[in-house]
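Overview (structure and organization)
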Amino acid sequence: MSENPADHTFLREALAEAVRAASESEVPVGAVLVSEGKIIARGRNQREQLQSPISHAEIHALLDGSKALGSWRLLGCELFVTLEPCPMCLAACQQARISRIIYGAKDPKGGALSLGYPLHEDARTNHRFAVEYREDAACGEILTEFFRKKRKSD
């Protein structure tokens, strides 16, 4: 798969959302939803702020994208996220019918693919889509620094 030059730009936008999450004492994960080459929605982790286990960056981007398009079907949309989606978020993307996920950092303890749950390519489901890892050091570094500071303060 060849990399689209805009992928880096959209990952930078997702990273800006992660920075915003960190400034709110949330785990710094950010996402942007893109349709026809334009950002239509943004999301960041808000689990602490909203006291909700499902307030992941991807979920917020999908919900806001659905409102922006007036449909739960996000056909043709791409999700750029700083961290590998968890199984819940990968399943939500499958339900939303997105076309592609691009993520910048792997999550060996919580990422769907790292844990062996490639729902996006399961032939038994009614929708399959691409998931691409685009290693981006800044996406991992923001998480490492966040947890380093958290351990020092605890």
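Residues numbered from 1 in each chain as written. Predicted model: local features only at pLDDT ≥ 70, side-chain atom pairs only at ≥ 80, totals over all residues. Heavy atoms only, no water.

Attention shifts here to the packing of aromatic side chains. Per the stated rule, a full pass over the model turns up 3 aromatic pairs. When the centroid spacing of 5.3 Å and the interplanar angle of 35° are considered together, the rings of tyrosine 103 and tyrosine 133 count as tilted. Pair noted here: tyrosine 103 is in strand 4 (residues 100–103) and tyrosine 133 is in strand 5 (residues 130–133), with a separation of 30 residues, a long-range link. Residue class for tyrosine 103 comes out buried when judged on its relative accessible area of 5%. The partly exposed category is assigned to tyrosine 133, whose relative accessible area is 30%. Their ring planes at 85° and their centres at 5.2 Å tell us that phenylalanine 146 and phenylalanine 147 sit as a pair that is edge-to-face. Given the relative accessible area of 34%, phenylalanine 147 is considered partly exposed. (Phe/Tyr/Trp six-rings, centres within 6.5 Å; stacked < 30°, edge-to-face > 60°. Helix = DSSP H or I, 4+ residues; strand = E, 2+ residues; numbered from the N terminus. Buried < 20%, exposed > 50% of the residue type's maximum accessible area, 1.4 Å probe, protein only.)

With that out of the way, let us pick up the pattern of salt bridges. In this structure the tally under the stated criterion is 12 salt bridges. Put simply, arginine 42 and glutamate 17 hold a salt bridge, and the shortest N to O gap is 3.7 Å. Of this pair, arginine 42 sits in strand 2 (residues 38–44) while glutamate 17 sits in helix 1 (residues 6–23), and the two are 25 residues apart along the sequence. We classify arginine 42 as partly exposed; its relative accessible area is 34%. Classification of glutamate 17 by relative accessible area gives buried; the value is 7%. Across the pair glutamate 24 and arginine 44 runs a salt bridge, and its minimum N-O distance is 2.8 Å. With glutamate 24 in the loop between helix 1 and strand 1 (30–35) and arginine 44 in strand 2, this pair connects stretches of sequence that are 20 residues apart. Take glutamate 24: its relative accessible area is 28%, and that puts it in the partly exposed class. Residue classification places arginine 44 among the buried positions, given a relative accessible area of 10%. (Salt bridge = Lys/Arg side-chain N within 4 Å of Asp/Glu carboxyl O.)

Nothing here speaks to function; it is geometry throughout.
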